[in-house]
Every structure is written in C-alpha cells, then in structure tokens.
Amino acid sequence: MPALPDTALDQLFRTARSYNGYLDRPVGEDQLRAIWDLMKMGPTSANMLPARIVWCVSGEAKAQIASCAMEKNAIKILAAPVTAIIGMDLDFHEQLPELFPHDQTARHWFPDPDGRQVHALRNSSLQGGYFIMAARALGLDTGPMSGFDNAKVDELFFAGTNVKSNFISTLGYGDPSTIFGRLPRPEFERFNQIR
C-alpha cells in the first residue's frame, strides 16, 4: 500500500488542529454516520468496539452536556454544531459472540468488572482517536476535551445502562480565528527510544 500524499498527511496531522470555535455551517446526520462508518473500522482488542456515542445536535442536548462542563468548555459546546460524547460500554463482552465470532467463548474472557473497565477505557479511547481522524478525513474539525463532570454526564445520558463517559468533543467546521499558535511537538529523540 503506498504512503498517503503530503496533502492527506497535512489534513490528518500536520495542519490539523483542535478547534475552540466553529463556522456557522451545519453538520448533517449523514456526516455523523460517515464518521461512524470510518471509525468503526479501526482495530480494537477482540473487535470489542466498546465506544458508545451520543451526538448532541439539538439545543436541548447541547444545553444538557454544557451543564456538565466547566464554564469555558460550556461556551464551546453551546456554540458548536455538534458535541459528541464518547462513552464506553462496560458490558462490551456481551456483544462479543457477534463481534468476535471466531471464538464463541470470547464473552467469558473478561469476567472481572475492574478488568473490563480497563479494556473499555483503553479501547474506547482508541475509538475516540479514530473519531478525530475520521472527522478530519471527511473535512470536519474537532475539539476534544475533558473538563466536565463524568458522573453528571452518565446520569443525564447513560442512566440505566452500564455505559460510562470517557471524553467529549465538539465537531464542525473549525473557525481558524479560535485557535492558538501550534504548541510544541518535541523531536523523536526526546520521547523515544529504539532498542
């Protein structure tokens, strides 16, 4: 498989940014579905796919998620076309007979709830990264964030389930006036070893 051209690498990595605000341009449901259709193809352990996403599009949903966030983040959420809650299903193992049909014992590989939480967090975080890259690949921008009350989000959006929030991200067409200069990215030698 050939390497992607520089224009694609720029769009995905080099010139891509996390946005604090967006242009007044709508994001349609077809685009949300397209993001999912790309991100679901990224690898997860035993194809467990633990991420569960709530796409907050309505004013009511955005107000609810904003009420869970610190003030700076709430302002961003209310102004964004979409805010996605990337959740993690702690009962992901129940889906494994379908998602990992090669071995029908896979649902029994994760008997420990604490162990399932570790796997759900790791793999939903991977899927959150795929969400960001899929959005960028489709010409959209994101603003992933912490700075919110996970327990409140879980109560408002995942009550009665075993899904817990991992992180949230705004989504839309980024407004370049809302970003700072590129922050430092150290050279290879500083944070890497080859052994």
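A brief structural summary.

### What to know about the packing of aromatic side chains
Move 1: Considering all chains together, one arrives at four aromatic pairs under this definition.
Move 2: Taken together, a centroid distance of 5.2 Å and an interplanar angle of 70° make the contact between phenylalanine 92 and phenylalanine 110 edge-to-face. With phenylalanine 92 in the loop between β2 (82–89) and α5 (96–99) and phenylalanine 110 in the loop between α5 and α6 (113–137), the pair connects residues that are 18 residues apart, well separated along the chain. In terms of burial, phenylalanine 92 and phenylalanine 110 fall into one category: buried.
Move 3: Ring centres 6.5 Å apart and planes at 55° place the aromatic pair tryptophan 109 and phenylalanine 110 in the tilted group.
Move 4: Residue class for tryptophan 109 comes out partly exposed when judged on its relative accessible area of 40%.
Move 5: Ring pairs connect the aromatic residues Phe92, Phe100, Trp109 and Phe110, which therefore count as one cluster.
Move 6: The aromatic ring of tyrosine 173 is capped on one face by arginine 25, whose charged end is 3.7 Å from the ring centroid.

### Side note on the pairing of β2
Move 1: In terms of burial, β2 is a largely internal element, eight of the eight residues being buried.
Move 2: As defined by bridge partners, β2 adjoins strand β4 (residues 163–172) across eight bridges and the pair is classed as antiparallel. Note that in β4 the partner of isoleucine 86 across the bridge is phenylalanine 167.

### Focus: the packing of helix α3 (residues 59–66) against helix α4 (residues 71–79)
Relative orientation and spacing of two packed helices are given, respectively, by the angle between their axes and the distance between those axes.
Move 1: As a packed pair, α3 and α4 sit with axes 9 Å apart at the nearest point and diverge in direction by 170°. For the element pair α3 / α4, the angle class is roughly antiparallel. Only Ala74, Ile77 and Leu78 of α4 make contact with α3, whose side of the interface consists of Lys62, Ala63, Ile65 and Ala66.
Move 2: Of the residues contributing to the contact of α3 with α4, the split by class is six nonpolar, no polar and one charged.

### Re unusual backbone geometry
Move 1: At asparagine 47, a residue that is not glycine, the phi angle is positive and equals roughly 55°.
Move 2: With respect to the helices and strands, asparagine 47 occurs in the loop between α2 (29–39) and β1 (51–56).
Move 3: We note that leucine 49 has phi near 40°; this positive angle belongs to a residue other than glycine.
Move 4: By the secondary structure assignment, leucine 49 is in the loop between α2 and β1.

Calculation rules
- Residues numbered from 1 in each chain as written.
- Predicted model: local features only at pLDDT ≥ 70, side-chain atom pairs only at ≥ 80, totals over all residues.
- Heavy atoms only, no water.
- Phe/Tyr/Trp six-rings, centres within 6.5 Å; stacked < 30°, edge-to-face > 60°.
- Helix = DSSP H or I, 4+ residues; strand = E, 2+ residues; numbered from the N terminus.
- Buried < 20%, exposed > 50% of the residue type's maximum accessible area, 1.4 Å probe, protein only.
- Lys NZ or Arg CZ within 6 Å of the ring centre and 35° of its normal.
- Pairing = 2+ DSSP bridges.
- Axes fitted to C-alpha atoms, helices over the stretch in contact; angles between N-to-C directions.
- Parallel < 35°, antiparallel > 145°, perpendicular 65-115°, else oblique.
- Contact = heavy atoms within 4.5 Å.
- Nonpolar A, V, L, I, M, F, W, Y, C, P; charged D, E, K, R; others polar.

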